[in-house]
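Each chain, written out:
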Number of protein chains: 2
Amino acid sequence: MLSIGELSRETGVKVPTIRYYEQMGLITAPERSAGNQRRYSRAELERLAFIRHGRDLGLSIEDIRELLELSAIPDQTCAQANKIAADHLAVIREKILRLKKLEKELARIATGCKGHTIGECYVIESLSNHGLCADGH
Amino acid sequence: MLSIGELSRETGVKVPTIRYYEQMGLITAPERSAGNQRRYSRAELERLAFIRHGRDLGLSIEDIRELLELSAIPDQTCAQANKIAADHLAVIREKILRLKKLEKELARIATGCKGHTIGECYVIESLSNHGLCADGH
DNA sequence: CTTGAAGCTATAGTGGCTAGAGGGATTATA
DNA sequence: TATAATCCCTCTAGCCACTATAGCTTCAAG
Ligand SMILES: [Zn+2]
Ligand SMILES: [Zn+2]
Ligand SMILES: [Zn+2]
Ligand SMILES: [Zn+2]
C-alpha cells in the first residue's frame, strides 16, 4: 500500500492533483489508514499512470475518462478509442499550423525594429497596424 | 460615438470581453449615454484594436498592458518592447517543438491500431505503456 | 406608443490545476 | 517514550482569459 506522497513520486503526478482527480471521479476514493490517510494499491498506481500519460499526450480529462471506461470492457470494439486518438491528433496538427503562422509573424515583428525609441518602434507599429501582417491570423 | 455593440463589430472583440477589459483596467471606463450605456470614441477603438491584435498574436494581457503603457511614451527607448516580442517568439517556438513531439507520438498511436477490440487496441496499450513512446514527452 | 434588440450589473462557471490556512497522523531518532 | 520532522487531512480561494446566465433598463425603428 502506498501513501499519496509515494504514489505521487512513482507517477510524477503532484499530490494535490491526485486529490483533484479523485474529486473529479477519474480515480475512485481509495482505502484509508486508521488515521484517515489515503492508501493506494498497485492497480490504482497503474490507473494513475495511464491518466498521467494521457495528460502528457495532451488529452483532455474527459477524453481520458472515456478511454478509462472503454479500457474496462476488453471485448467491445475499439473504434471509439481510435477516434479519440485521431481527433486529438487533428487538434494538435491544427495547433501546430496556427502556431507556425504566429511564429512567422512574430519573427518579423521581433527582429524588424531598427529604431531606438517607442515612437519609431516596429513592434509597437506592428501591433497598431495589422495591415503589416502577411497572413490573416 | 460608438455603442459597445458597434465597437464589438468593428474590432471583433465580443461585448462581454470589452467589459472584462474595462474591469481589468486595459481600457479606461468610457463616457456614458444619458441612459448609462457606454459610448466609445475612435481613440478607444484603436486602443481596443491594438489589444485584439496582441491577443491574436498570443501575447498575454500583462504583456499587452505593458506595451500599451510603453506606447504612451514615444521618446523612451523601445528595448523593453523588443524584448517582449522576442521573449514571446521564444515561447511560441518552444510550444511548436513540444507539439511536434506530441504529433509524432500521436501519429504512431492513432494509426497503429490493427485490432478490433479494446483488449487488442494499440491506443489503449500505448496509453498504458509509455515504454512504447519514442521521445520522452 | 409599442415592440424587439441591445445594453446594464452582478454572479458563477470553464479547464486543470495550484496555493494557503489550520489542523491531525506517521515515522525516525534520541 | 518523548519529541521533532515530515507527511497528510479538509476546505477555500486563486490562476488565465474569458463566457454564460439572470433579471433588469434603455434605445431605435415603425
Ligand atoms: Zn523597437
Ligand atoms: Zn496581424
Ligand atoms: Zn484500437
Ligand atoms: Zn509516452
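Heads up: the structure comes first, above all this text.
Residues numbered from 1 in each chain as written. Chains lettered and ligands numbered in written order. Predicted model: local features only at pLDDT ≥ 70, side-chain atom pairs only at ≥ 80, totals over all residues. Heavy atoms only, no water.

Caption draft 1: Structural view of the coordination of the zinc ion (ligand 3). Around the zinc ion (ligand 3), the protein contributes the donor atoms A:Cys78 (SG), A:Asn82 (OD1), B:Cys113 (SG) and B:Cys121 (SG), which lie 2.2 to 2.3 Å from the metal centre. With four donor atoms in place around the zinc ion (ligand 3) and angles of 99 to 121° between them, the coordination shape is tetrahedral. In this pair, A:Asn82 sits in helix H5 (residues 79-111) while B:Cys121 sits in the loop between helix H5 (79-111) and helix H6 (122-128), so the two residues belong to two different chains. (Donors = N, O, S within 2.8 Å, 3.2 Å for Na, K, Ca; no water. Tetrahedral: all angles 85-135°; square planar, octahedral: opposite > 155°, others 65-115°. Helix = DSSP H or I, 4+ residues; strand = E, 2+ residues; numbered from the N terminus.)

Caption draft 2: Representation of the protein's contact with DNA strand C. The immediate surroundings of DNA strand C are formed by 18 residues, with A:Tyr21, A:Arg55, B:Gly5, B:Arg19 and B:Arg38 found nearest. Across the atoms of DNA strand C situated within 4 Å of the protein, the share located in sugar and phosphate is 87%. Interatomic distance of 3.1 Å between a side-chain N/O atom of B:Ser3 and a phosphate oxygen of DNA strand C. Measuring from a phosphate oxygen of DNA strand C, one finds a backbone N or O atom of B:Gly5 at 2.6 Å. Within the residue set of the surface near DNA strand C, elements represented by two or more residues are helix H2 (15-23) of chain A together with helix H1 (4-11) of chain B. By residue number, the principal contributor to the surface near DNA strand C is H2(A), which donates three residues. (Near = heavy atom within 4 Å. Polar contact = N/O pair within 3.5 Å; in protein donor to acceptor, adjacent residues only side chain to side chain.)

Caption draft 3: Highlighting the coordination of the zinc ion (ligand 2). The protein atoms that coordinate the zinc ion (ligand 2) are A:His130 (ND1), A:Cys133 (SG), A:His137 (NE2) and B:His53 (NE2), at distances of 1.9 to 2.2 Å. For the zinc ion (ligand 2), the four donor atoms are set out with angles of 105 to 114° between them, so the coordination reads as tetrahedral. Of the residues examined, A:Cys133 reaches a relative accessible area of 10% and is grouped as buried. (Buried < 20%, exposed > 50% of the residue type's maximum accessible area, 1.4 Å probe, protein only.)

Caption draft 4: Examining H1(B) more closely. All names here are of chain B. Among the residues of H1, Ile4, Gly5, Leu7, Ser8 and Thr11 are the ones counted as buried. Down the axis, H1 shows its buried residues gathered within 160° of arc, on one side only. Elements in contact with the buried residues of H1: helix H2 (15-24), strand S2 (38-39) and helix H3 (42-56). The positive-phi residue at the C-terminal boundary of H1 is Gly12, with phi of around 80°. (Arc of directions from axis to C-beta. Contact = heavy atoms within 4.5 Å.)

Caption draft 5: Spotlight on the relation of the copies chain B and chain A. Each copy of the sequence occupies a distinct position, and chain B is placed on chain A by a rotation of 180° and an axial shift of 0.0 Å, giving an RMSD of 0.1 Å. Classification of the inter-copy transformation places it as that of a two-fold axis. Closest approach to the rotation axis among the C-alpha atoms of chain B is made by B:Ile96, whose C-alpha sits 3.1 Å away. (Least-squares fit on C-alpha atoms with pLDDT ≥ 70 in both.)

Caption draft 6: Fine view of the protein's contact with DNA strand D. Of all residues adjacent to DNA strand D, which total 18 residues, the nearest are A:Ser3, A:Arg19, A:Arg38, B:Tyr21 and B:Arg55. Restricting the count to atoms of DNA strand D within 4 Å of the protein gives a sugar and phosphate share of 90%. Between DNA strand D and the protein, one listed contact pairs a phosphate oxygen with a side-chain N or O atom of A:Arg19 at 2.4 Å. At 3.1 Å, a side-chain N or O of A:Arg32 approaches a phosphate oxygen of DNA strand D. Among the elements of the structure, helix H1 (4-11) of chain A together with H2 of chain B are those that each provide at least two residues to the surface near DNA strand D.

Spatial relationships are all this shows, so hold off on functional conclusions.
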